[in-house]
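Residue strings, one per chain:
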Amino acid sequence: MSDSKPVVLLAEELSPATIEALGPDFEIRHADGSDRAQLLAAIADVDAILVRSATQVDAEAIAAAPKLKVIARAGVGLDNVDIKAATQAGVMVVNAPTSNVISAAELTVGHIVSLARRIPAANASLKGGAWKRSKYSGVELFEKTAGIIGLGRIGALVAARLQGFGMEIIAYDPYVTPARAQQLGVRLVELDELLATSDFVTIHMPKTPETLGMLGAAAFAKMKDSAYVINVARGGLVDEEALHAALVEGQIAGAGIDVFVKEPSTDLPFFGFENVVVTPHLGASTEEAQEKAGVSVAKSVRLALAGELVPDAVNVAGGVIASEVRPGIPLIEKLGRIFTALAQGSLTAVDIEVAGEIASLDVKALELAALKGVFMDVVSEQVSYVNAPVLAEQRGVTTRLVTTSESEEYRNVLTLKGAVSTGAQFSVSGTLTGPKQIEKLVGVNGYELEIPITDHLLVLRYTDRPGVIGSLGNVLGEEGVNIAGMQVSRNEEGGEALAVLAIDAALPSGVLERVRETIGAAFAREVNLA
């Protein structure tokens, strides 16, 4: 092998098609990534590493690989890759975000059919020597109601497949427009209505602090006692203790679960119920999904090592991006997340504005990063720099990149402006300041301010009057929430004021509502970027 060829390490078994997709331009090496000592020795001089789920590419492994440029995970999840450490080391992380969508949708339908017709229990009974036709009588799917929580790519595929059974499909997804739902033949409803009327409830949401335990005791209490719950998305979206209690009390008819809080899980209390179907995280376990994942990341590795824009880059855009533009990528991605947290609704339009010196350069990467941030916390699939515009198109969101060389107060300012389906308008602006290029929020909904962007922010709008800040401090102090920084902006004395607080941790449950009531806030939002 020529010494000039980049070295690619396959740390787990990957298909011949994956190696073929890499092509002849690389030196291919093999190692057992699950053997820690072997991994650390093998990674020392490689340019790229391809893994599945058994190899832990953590900070130690990244530090042991000074030449490493890209980590490729042949699959969707990235729990075994330390993205933060990779980003700090300038290493690109790529995965195969769409490789398993069909497999996951089909497994969801498989669970639904298995529950409706009691197939696993009847199979076990018959193989055990019993012929009990009457005991395993089931229900038809025809004219039943399927409630889909999360109408992203997988949720939409599930909807299309269940329509073939003649089911009525309803969905809850605050970030999908009615027009998009209508296009899919799905009726959008509020979560409480979905829970109360669905015969089968399947969840396809991202795992965030807000969605963790989303289907818990309160949700089960609202469901029919003849309803079934299905989760093939993320472990923890269904509260496992509450699920067991609901099954014991007969609040629901059964459940189909493929993902768990702790994996592997082999002896959870609800495993013993005949009306529960469990599978060991098989969502992506098809030959086709594995093949798609390997080939997809092999192509991404080729692009990354060639210095081109990488469609499925998780942490950096890649490609030929001007050095003056590159620092704005993480900033505008965060602005996108802040924008979504403030808007909390079905987005219909968004403008990405770039003002200042960099406006004369190619800033397309900033538009991609902004859209990535906008959708990162609201869809179940992995958002990349290339699928973000597709997600916007699928949801009927019009986007526009606007550039201007004029920037009065800062060298460069990045702004997101947009509207939700209610007609409400939102905007956020940010900039980078000083030699250390500190990321700062400099505008929210027309109010000017300047505060560093931290992992936890609190945004409040209220009537300007004496005592508000004191009351706010008292409430947060009583709840054990420390204020790291605060900026108040107002357009006129006694008018509306906007406060942005940097806090050290996410607010405990119920505190945001208490803050809202205490100061009479007309608008209160928490932003969690951790």
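Keep in mind it's a predicted model, so treat the numbers as computed, not measured. (Residues numbered from 1 in each chain as written. Predicted model: local features only at pLDDT ≥ 70, side-chain atom pairs only at ≥ 80, totals over all residues. Heavy atoms only, no water.)

Q: What should I look at first to understand the nonpolar core in this one?
A: Buried together is how nonpolar side chains tend to be arranged in soluble globular proteins. In terms of nonpolar packing, the biggest core is built from 74 residues, with F375, L416 and L441 touching the most fellow members. Looking at this core, the element that brings in the most residues is helix α13 (residues 328-343), giving 9 residues. Apart from residues no more than four positions distant in its own chain, F375 is found in contact with V383, A388, L391, A392, R395 and V397. In terms of nonpolar packing, the next biggest core, distinct from the first, is built from 30 residues, I112, A156, L162 and V176 among them. (Core = buried A, V, L, I, M, F, W, Y, C linked by side-chain atoms within 4.5 Å. Buried < 20%, exposed > 50% of the residue type's maximum accessible area, 1.4 Å probe, protein only. Helix = DSSP H or I, 4+ residues; strand = E, 2+ residues; numbered from the N terminus. Contact = heavy atoms within 4.5 Å.)

Q: For this particular structure, what's the right way to read the UniProt feature "domain: ACT" (unreviewed entry) in the protein chain?
A: UniProt tags residues 457-530 as "domain: ACT" (unreviewed entry). With 27% helix and 39% strand, residues 457-530 has end C-alpha atoms that lie 11 Å from one another. (UniProt positions renumbered as here; feature names shortened; annotations may be inferred.)

Q: Help me understand helix α16 (residues 468-478), please; the structure alone is not making it clear to me.
A: Count 3.6 residues to each turn of an α-helix, and residues three or four apart come out pointing the same way. Listing the buried residues of α16 in full gives V468, L472, V475 and L476. Down the axis of α16, the sector holding all buried residues measures 95 degrees, keeping them to one side. Residues N474, G477 and E478 are exposed on α16 and point more than 90 degrees away from its buried face. As for α16, its buried residues are in contact with β19 (456-463), β20 (483-490), β21 (496-503) and α17 (511-519). Looking one or two residues beyond α16, the residue adopting positive phi is G480, at roughly 75 degrees. (Arc of directions from axis to C-beta.)

Q: Sorry, what's going on with the domain arrangement of the protein chain here?
A: Often, the extent of an interface is quoted as the loss of accessible area upon association of its parts. Domain annotation for the protein chain reports domain 1 (7-97 + 288-306), domain 2 (100-278), domain 3 (317-452) and domain 4 (454-529). Of note, the centres of domain 3 and domain 4, computed from C-alpha atoms alone, are 24 Å apart. On the side of domain 4, 22 residues touch domain 3, which itself brings 17 residues to the contact. Summed over both sides, the interface of domain 3 with domain 4 buries roughly 1,500 Å², with 68% coming from carbon and sulfur. The largest per-residue losses of area from domain 3 upon contact with domain 4 belong to L342, Y447 and I451, which jointly make up 39% of the total buried on that side. Our count for the domain 3 to domain 4 interface comes out at 0 salt bridges. The set of elements that each furnish at least two residues to the side of domain 3 that touches domain 4 consists of α13, β17 (438-444) and β18 (447-452). Residue classes in the side of domain 3 that touches domain 4 are distributed as 11 nonpolar, 2 polar and 4 charged. (Domains from an automatic or database assignment. Buried area = accessible area lost by both parts, 1.4 Å probe. Salt bridge = Lys/Arg side-chain N within 4 Å of Asp/Glu carboxyl O. Nonpolar A, V, L, I, M, F, W, Y, C, P; charged D, E, K, R; others polar.)

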